[in-house]
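Below, each chain spelled out in residue letters.
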Amino acid sequence: MEGGHLQLSRYQEMIQHSLFYIENHLHEEIGLEDVASKAALSPYHYHRVFRDEVGMTVVDYIRHRRMSLASTALRSTDAGILDISLACGFESQEAFTRAFRKMYGMPPGRFRKLFDLKLFTGKTRGGEIEMNTTTAIKGWMLTGSHPQNYEMGLDPAEVHQGKASGYLKAVTPMEPNEFATMMQQFKADKYVGKRMKLTGFVKTDRVEAFCGLWMRVDNQVQDVLQFDNMHDRPITGTQPWNQYSIVLDVPAESAVISFGVILNGKGKVWVDSFRFEEVDLNTPVTHMETEYEMSDEPLNLSFEE
């Protein structure tokens, strides 16, 4: 790929358009045929592509998203379970209860009692659970150029799947180019010699400058071997949940793999449903070239050019 920048494959673009369509029609009757038609693919072909990219079938994905909306409504509103059932596309409360129990291991009424947002301890605002010096998100850290101007935490009221998402947001006025990242690091040993793909779901609110997933592979002395921060395909503005990906090689001398989400400037970003998996060598890498081409001999020594 020219300049080392990612050109999203046609399939990846199709999936992102599809996920955008699904997010905006979750309260309507939608199925495999509806989504496949938006991608101009046969249902059979689209089913295979979607499963490969997202990790589940279209039908399962729609069901998971509707269940997540239902869990959020149960935790943060006083709406009746029947009303929530109908809003999530179920014909009856009994069918909804069976599906909910299968996914969350308990009926919706018990889930509401156990996980009501009002029962959370700590400082909460609009469902968020703010991280401070005495609390933390397991495995994650906040860093960047000005981390003191940002906040990370858990948000059980804004979920892609499961019971909570992670968020990163700007909280104080900032100078240009300030940024923060919610990130983690781990040893590269298990992945050396492999091509690895990081995927994650991201939602944004009024991101003014730049937001994206990022991933970096370093050697023992912290030289960058592979890197991508989606700078050539930034997420800006207000966007619904969608899936984004990064693909990097892990060379023989790799020691540490780092990844996370970066927020440059004002705004807020939620992340959820990360996956880290090996892919074959036919999957193009998204590595951003950091080297420049050197000339064969000295140039312009008299400064006349």
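We now turn to the structure provided with this report. None of these values were measured; they are calculated from a predicted model.

Here we come to the packing of helix α4 (residues 58–76) against helix α6 (residues 93–104). Where α4 meets α6, the closest approach of the two axes is 11 Å, and the angle between their N-to-C directions is 95°. Taken together, the axes of α4 and α6 lie roughly perpendicular to each other. Only Phe96, Ala99, Phe100, Met103 and Tyr104 of α6 make contact with α4, whose side of the interface consists of Arg63, His64, Met67, Ser68, Ala70, Ser71 and Leu74. For the contact of α4 with α6, a count of residues per class yields eight nonpolar, three polar and one charged.

On to the nonpolar core. Membership of the largest hydrophobic core comes to 29 residues, with the highest contact counts inside it found for Leu168, Leu213, Met215, Val261 and Val269. At the level of secondary structure, the elements contributing two or more residues to this core comprise β4 (150–155), β6 (179–187), β7 (195–207), β8 (210–219), β10 (237–249), β11 (254–264) and β12 (268–279). Every residue in contact with Leu213, bar those within four places of it in the chain, is listed here: Gly200, Val202, Asp228, Asn229, Met230, Tyr244, Ile246, Gly260, Val261, Val271 and Phe274. Counting residues in hydrophobic clusters, the runner-up holds 24 residues, among them Met14, Tyr21, Met56 and Phe201.

Our focus in this paragraph is the side chain of His287. With respect to the helices and strands, His287 occurs in the segment after β12. In terms of polar contacts, His287 uses its side chain to reach the backbone amide nitrogen of Phe227, at 3.1 Å.

One way to put it is that helix α1 (residues 10–23) packs onto α4 with a least axis distance of 11 Å and a crossing angle of 40°. Put simply, α1 runs oblique to α4. The handedness of the crossing between α1 and α4 comes out as right-handed. For the pair formed by α1 and α4, the contact residues are Leu19, Ile22 and Glu23 on the first element and Tyr61, Ile62 and Arg65 on the second. Split into classes, the residues belonging to the contact of α1 with α4 amount to four nonpolar, no polar and two charged.

A few words now on the pattern of salt bridges. Under the counting rule described, the total for this entry stands at eleven salt bridges. Asp60 is the partner of Arg63 in a salt bridge, and the nearest nitrogen-oxygen pair spans 2.3 Å. With Arg63 and Asp60 both in helix α4 and three residues apart, this pair spans about one turn of that helix. Of the residues examined, Asp60 reaches a relative accessible area of 25% and is grouped as partly exposed. Overlapping salt bridges, with partners in common, bring together Asp228, Asp232 and Arg233 in one network.

What counts and how
Residues numbered from 1 in each chain as written. Predicted model: local features only at pLDDT ≥ 70, side-chain atom pairs only at ≥ 80, totals over all residues. Heavy atoms only, no water. Axes fitted to C-alpha atoms, helices over the stretch in contact; angles between N-to-C directions. Helix = DSSP H or I, 4+ residues; strand = E, 2+ residues; numbered from the N terminus. Parallel < 35°, antiparallel > 145°, perpendicular 65-115°, else oblique. Contact = heavy atoms within 4.5 Å. Nonpolar A, V, L, I, M, F, W, Y, C, P; charged D, E, K, R; others polar. Core = buried A, V, L, I, M, F, W, Y, C linked by side-chain atoms within 4.5 Å. Buried < 20%, exposed > 50% of the residue type's maximum accessible area, 1.4 Å probe, protein only. Polar contact = N/O pair within 3.5 Å; in protein donor to acceptor, adjacent residues only side chain to side chain. Left-handed = near helix turned anticlockwise from the far one by under 90°. Salt bridge = Lys/Arg side-chain N within 4 Å of Asp/Glu carboxyl O.

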